[in-house]
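# Structural overview for review
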Amino acid sequence: MTTAAPHSARTGASMAMAAMLCVQLGLAASVGLIDQLGAAGVAWLRLFWAALLLLVLVRPRPSAFGRETLLAGVALGVVTSGLTLLFMAALTRLPLGTAAALEFLGPLGVAVVRSRGIARAWALVAAGGVLCLTQPWDGTVDVVGVGFALGAAACWASYILLTQRVGDAVSGIGGLAISMPVAAVVATVVVGPGIVGRLTPDLVLAGLGLALLVPVVPFALEMLALRRLTAGAFGTLMALEPALALVIGFVALHQVPNLIAVLGIGLVVAAGVGAERAGGRSSSGPADETPHSAAETTLLCG
């Protein structure tokens, strides 16, 4: 690891934390719209706006993408759509904290496979925390909801690997301007026809705000974070997301955790801190040398 790696890891971890906070705030804000548009409708509206915003602000150039990178970007769009649609479906059947904890099994799988030594130990600590958060032994979890969340977990594992690959190959957040329109097209084919007729101006405007919270800003931050963190460390760090979900679910949705869930929060926080210290990449991808465009800087910093 180079001397710059610890600073790079801290920067990457800060980006990942900010991304997780945006995601959980956006999901909590989405709950009120689900009654009007359904889970799939809210997911589709967010993806539609995200794709439009990225196309306008980033203006991707076809010449910036090689064939393999373009195919990886398309695949990233497909799994992004699956991740969004499946998780929103899980959210209609499970508490926010439980759904997020089950979804974390995807990043955890990446962390276990990609990590070595102490980094793998932190991944196992995170797994213990997730068990405390989900508490599968109490038998009250909705089986269909669990199935949706596990499907989202598989998509999230693929998302991490593909995001790192695309992010290393393309400067700034240009890769998202390819993947997000693909995700919007997939979601439109799957659920769009049944949603368009139910839209109102207020719902369309609310969708724009949600798209910034989830997925535009967090996905951009995650792509940049994965240039600074190993996939294994990033996957372990994502253990903090179920804990954030539990806290936000308590504050915003009045979903009260028990003492075992609070213990789970402590374990995943410890694992997240350990992953941040052990997970810096020894070198950045080639794209990391390229400065962001003015539009990309505006999108991330406001």
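Right, let's walk through the structure included here. (Residues numbered from 1 in each chain as written. Predicted model: local features only at pLDDT ≥ 70, side-chain atom pairs only at ≥ 80, totals over all residues. Heavy atoms only, no water.)

### Describing the side chain of Q164
Its place among the elements puts Q164 in helix 6 (residues 143-169). For Q164, a relative accessible area of 11% puts it in the buried group. Side-chain polar atoms of Q164 contact the backbone oxygen of L226, separated by 3.0 Å. (Helix = DSSP H or I, 4+ residues; strand = E, 2+ residues; numbered from the N terminus. Buried < 20%, exposed > 50% of the residue type's maximum accessible area, 1.4 Å probe, protein only. Polar contact = N/O pair within 3.5 Å; in protein donor to acceptor, adjacent residues only side chain to side chain.)

### Things to note about helix 7 (residues 176-191)
For helix 7, with 16 residues, the first-to-last C-alpha span of 22 Å sits near the 22 Å given by 1.5 Å per residue. Considered for burial, the residues of helix 7 that qualify are L176, A177, I178, S179, M180, P181, V182, A183, A184, A187 and V191. (Expected span 1.5 Å × (residues − 1).)

### Let's talk about the packing of helix 3 (residues 96-103) against helix 5 (residues 118-134)
When two helices pack together, you describe them by how their axes are tilted relative to each other and by the distance separating the axes. Across the interface, helix 3 lies against helix 5 with an axial gap of 9 Å and an inter-helix angle of 150°. The chirality of how helix 3 crosses helix 5 is left-handed. Of the residues in helix 5, those touching helix 3 at T98, A101 and L102 are V130, L133 and T134. (Axes fitted to C-alpha atoms, helices over the stretch in contact; angles between N-to-C directions. Left-handed = near helix turned anticlockwise from the far one by under 90°. Contact = heavy atoms within 4.5 Å.)

### With respect to empty space enclosed by the protein
Empty space left among the atoms is revealed by rolling a probe the size of a water molecule over them. Across all of its chains, the model carries two cavities of 30 Å³ or more by this definition. Quantified by volume, the largest cavity comes out at close to 170 Å³. Taken together, 14 residues line the largest cavity, and the ones lying closest to its centre are V23, L83, E103, V214 and F219. Listed by contribution, the elements that provide at least two residues to the lining of the largest cavity are helix 1 (5-58), helix 2 (67-91), helix 6 and helix 8 (201-225). Broken down by element, the residue count for the lining of the largest cavity peaks at four residues, all from helix 2. Classifying every residue of the lining of the largest cavity by side-chain character gives nine nonpolar, one polar and four charged. (1 Å grid on protein atoms, 1.4 Å probe; cavity = no way out; pocket = protein on both sides within 12 Å on 5 of 7 lines; lining within 4 Å. Points joined across faces, edges and corners; volume = space filled by probe spheres on them. Nonpolar A, V, L, I, M, F, W, Y, C, P; charged D, E, K, R; others polar.)

### As for unusual backbone geometry
Note that the residue after V214, namely P215, is joined by a cis bond; omega there is 20°. Mapped onto the fold, P215 is located in helix 8. Located in the positive-phi region is R59, a residue other than glycine, with phi close to 50°. Positionally, R59 belongs in the loop between helix 1 and helix 2.

### Details of the side chain of S30
Its location among the elements puts S30 in helix 1. S30 gets classed as buried once you look at its relative accessible area, which sits at 0%. With sequence-adjacent residues up to four places away left out, S30 is seen in contact with V42, R46, M88 and L210.

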